[in-house]
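Spelled out from the first residue to the last, the chains are:
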Amino acid sequence: MTYSIPNLTDRSAHSWEEIHPLVDDLLARDPDPATIDRWLLDWSDLQAGLHELGARLRVASVRDTMDPAAEAALKSYLRDIYPNAQIARQELTRKLLAYADAHGDPPGLEVPLRGLRVDAALFREENLALQAAEQENSLAFNKIVGAQTVVWDGEEQTITRLAAGYERANRTERRQIWELVSARELADREAINRLWVEVLSLRMDQAANAGFPDDYRSYRWKLLKRFDYTPEDSKTFQAAIEAVAVPAAGRVYARRRDRLGVKSLRPWDLDLYQQTYPVNPGSIRAFADEAELLERARVVFARVDPRIGGYFDRMCEAGMIDFANRIGKGPGAFCTSFEASRTPFIFGNVVGKADDVRTLLHEAGHAFHAFETYNLPYYHQRWPPMEFNEVASTAMELLAAPYLTVEQGGFFSPAEAARSRIGHLEKLLLFWPYMAVVDAFQHWVYENPGWAARPANCDAAWAERWDRFIPWIDWSGMEDAKTLGWHRKRHIHRSPFYYIEYGLAQLGAVQIWARALEDQSAAVGDYLKGLSLGGTAALPELYAAAGGRFAFDRETLGEAVALIETSIRHLEEEDSQETF
């Protein structure tokens, strides 16, 4: 019997009826030490096929949020295949755990089994319908955000596309655009608030069913397999950011304010979507369209490492990248894996900005991570902790930076490359405080779920944390728009507690970059070594293998901040000499 699900691209053709015989066969077999490998490989094939089916359906729905057929297919999957597959996974997990109790953990599964034991302990069949409803809620959120457009200069435009012209506009035009976008976002406030109240209730019910009444955070912590740190560690990291990164960010905001020649930074002096990073009036047009972006990126990745370049070539040739922005397309950028086909898929929204190049580098880092894990035999070994997944992506932004000039086949002149790198490094400093806002807000939500069920309280809680970590923006007269920041951060709505990963991973990535400044080739080699371990090692071991250290403390963060600020000063000197 084959355990790959056929015709995965024919997404509408599947039902649990055709899949459950494969599960029944696995459940009927009692593996022993002589047959456990074959049993695990067959389960891996089945799990990979189910994962790819769900991933393809989700990708189709976000590539066109206005496609009723894609939406219907995903909802059918969520109501039929998803809950049955989760029940089957639980039954198969019990069988594997019984084998491990009798014979010991199969080689290579010691760390994955730690997570499977948690899954088994937390599983509740009554939660399956709630989880499906939560995913449908996310689908509705995507649909609302994907439909947000404004008319500017006589043309209907997405907020993402408008952002490119926004950076090049004068301050009066930026304010006009910002007010248009802000009004459009405020128009969806009540609709998103209703989804929030619903999804918060769904999450609290899941936690209660699993034995965590009024304590979703503890439930989610276990569900995310956070074995190596606690909520208190998260708060320690917030405090380190406040002590070390916030003052450094203040220096960045001051420089940007001076460059703009303004007395204070206003919301329209920041990026158009998250409203975090100051605009750069001399923004660089990095590429004309998606085709040029991908062609130049192929050269860059080949220079980083031939193996990495080969991975990216395979994705381009297979059509596994969709980065063009269009009306109706879902927001943001992500990388997912089509596990049965052993190929990643990258999704994004780009419009030609220098930041779009970094977005591609970031998501490609996830893709390279997936390629490296495909060499592991079992599906369950291929899932590293999220905190390390983001090391793969964030480190790639820094490892590829030396190859971004036109002379190297990339995107920028030497002077543009220096300015782009300065902007990149400044954003690293600005990101930690923003991450702390998002993380602290989520802790507040799940420590106070009754209060958080009232969106007005969420508005106030967001504004309070914003003022704590990002106090340099003058929101006078625009306070209502500031409070809406938690709507703009989609992770809060779609992936609860998934954001500290970026801050921790950025710290790890800067450590890898520090090694690359001394020996780029050796740093890339260790980076790939870490990626190849997949989920077979614990989080601190993964960081160490890649050349970093898993840390929350002020000292480690301070070293990273100092390196970034020193590098910015050197680049500014180079840029001024080039300009002279």
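Presented here is an overview of the structure given in this document.

Cut-offs used in this document
Residues numbered from 1 in each chain as written. Predicted model: local features only at pLDDT ≥ 70, side-chain atom pairs only at ≥ 80, totals over all residues. Heavy atoms only, no water. Helix = DSSP H or I, 4+ residues; strand = E, 2+ residues; numbered from the N terminus. Rg over C-alpha atoms; globule rule 2.2 N^0.38 Å. Buried < 20%, exposed > 50% of the residue type's maximum accessible area, 1.4 Å probe, protein only. Contact = heavy atoms within 4.5 Å. Areas by Shrake-Rupley, 256 points an atom, 1.4 Å probe, with all protein chains shown as cover. Lys, Arg positive; Asp, Glu negative; His and termini not counted. Charge placed at Lys NZ, Arg CZ, Asp CG, Glu CD. Patch = residues over 30% accessible without salt bridge, like charges linked within 9 Å, V, L, I, M, F, W, Y side chains within 5 Å. Salt bridge = Lys/Arg side-chain N within 4 Å of Asp/Glu carboxyl O. Expected span 1.5 Å × (residues − 1). Arc of directions from axis to C-beta. Pairing = 2+ DSSP bridges. Axes fitted to C-alpha atoms, helices over the stretch in contact; angles between N-to-C directions. 1 Å grid on protein atoms, 1.4 Å probe; cavity = no way out; pocket = protein on both sides within 12 Å on 5 of 7 lines; lining within 4 Å. Points joined across faces, edges and corners; volume = space filled by probe spheres on them. Nonpolar A, V, L, I, M, F, W, Y, C, P; charged D, E, K, R; others polar. Phe/Tyr/Trp six-rings, centres within 6.5 Å; stacked < 30°, edge-to-face > 60°. Lys NZ or Arg CZ within 6 Å of the ring centre and 35° of its normal.

## Structural notes on the overall build of the chain
Now for step 1: In terms of helices and strands, the chain carries 25 helices and five strands.
Now for step 2: The C-alpha atoms of the chain give 24 Å as radius of gyration, which agrees with the globular expectation for 580 residues (25 Å, within 12%).
Now for step 3: Dimensions of the chain, computed from the C-alpha atoms along their principal axes, are close to 75 × 50 × 45 Å.
Now for step 4: The buried share among the 580 residues of the chain stands at 59%.
Now for step 5: Partitioning the contacts of the chain with sequence separation of at least 6, the portion at a separation of at least 24 is 77%.
Now for step 6: Carbon and sulfur atoms make up 50% of the accessible area of the chain, which amounts to about 22200 Å² in all.
Now for step 7: For the chain, the distance from the average position of its 65 positive side-chain charges to the average position of its 85 negative side-chain charges is 3 Å.

## Quick notes on a negative patch on the surface
Now for step 1: Together, Asp24, Glu91, Glu125 and Glu126 line one region of the surface with negative charge.
Now for step 2: Relative to the helices and strands, Asp24 is located in helix α1 (residues 16-28).

## Overview of α1
Now for step 1: Compared with the 18 Å implied by 1.5 Å per residue over 13 residues, the 18 Å span of α1 between its first and last C-alpha is a close match.
Now for step 2: All of the buried residues along α1 are Trp16, Ile19, Leu22, Val23 and Leu26. The buried residues of α1 occupy an angular sector of 120 degrees when projected down its axis, which confines them to one face. Along α1, exposed side chains directed more than 90 degrees from the buried face belong to Glu17 and Ala28.
Now for step 3: The inward-facing, buried residues of α1 abut α2 (36-63) and α4 (81-103).

## Here's the deal with the sheet that holds strand β5 (residues 343-350)
Now for step 1: Across the sheet, which stays open at both edges, the three strands sit in the order β3-β5-β4 with mixed pairing between neighbours. Two strands lie at the open edges of the sheet, namely β3 (321-324) and β4 (334-338), each paired on one side alone. Averaged over all neighbouring strand pairs, the angle between strand axes comes to 15 degrees, with direction disregarded.
Now for step 2: Sheet topology places β3 next to β5; three bridges connect them, and they run parallel. Residue pairing for β5: Ile321 is matched across the bridge by Ile346.
Now for step 3: Those strands touched by helix α14 (residues 354-373) are β3, β4 and β5, and its axis lies near 170 degrees from that of β5.

## A closer look at empty space enclosed by the protein
Now for step 1: If you walk through the whole model with that rule in mind, you get five cavities of 30 Å³ or more.
Now for step 2: By volume, the second largest cavity is sized at about 180 Å³.
Now for step 3: Together, 14 residues line the second largest cavity, and Glu167, Asn280, Ala354, Asp355 and Arg358 are the ones closest to its centre.
Now for step 4: Only α14 and α16 (414-447) provide two or more residues apiece to the lining of the second largest cavity.
Now for step 5: Take the lining of the second largest cavity: its biggest share by element is four residues, from α16.
Now for step 6: Tallied by class, the residues present in the lining of the second largest cavity amount to three nonpolar, four polar and seven charged.

## Some thoughts on the pairing of strand β2 (residues 155-158)
Now for step 1: Here strand β1 (residues 149-152) pairs with β2 via four bridges, running antiparallel. Looking across to β2, one finds that Trp152 is bridged to Glu155.
Now for step 2: Counting the residues between successive antiparallel strands, the hairpin from β1 to β2 contains two residues, one of them, Asp153, with a positive phi of roughly 55 degrees.

## Describing the packing of aromatic side chains
Now for step 1: Under the criterion given, the structure shown has 40 aromatic pairs.
Now for step 2: Seen in terms of ring centroids, Tyr434 and Trp462 are 6.4 Å apart; in terms of plane orientation they differ by 75 degrees. Their pairing is edge-to-face. Of this pair, Tyr434 sits in helix α16 while Trp462 sits in helix α18 (residues 455-469); the two residues are 28 residues apart in sequence, bridging distant segments of the chain.
Now for step 3: Overall, the relative accessible area of 0% leaves Tyr434 in the buried class.
Now for step 4: Relative to Phe552, the ring of Phe550 lies with its centre 5.1 Å away and its plane at 75 degrees, an arrangement referred to as edge-to-face. The same class applies to Phe550 and to Phe552, which are both buried.
Now for step 5: Across the ring face of Trp451, the terminal group of Arg454 is positioned such that the distance to the ring centre comes to 5.7 Å.

## As for α14
Now for step 1: Its 20 residues give α14 an end-to-end C-alpha distance of 30 Å, which sits within 8% of 28 Å, the value for a rise of 1.5 Å per residue.
Now for step 2: The buried fraction of α14 amounts to 18 of the 20 residues, a majority that puts the element mostly inside the structure.

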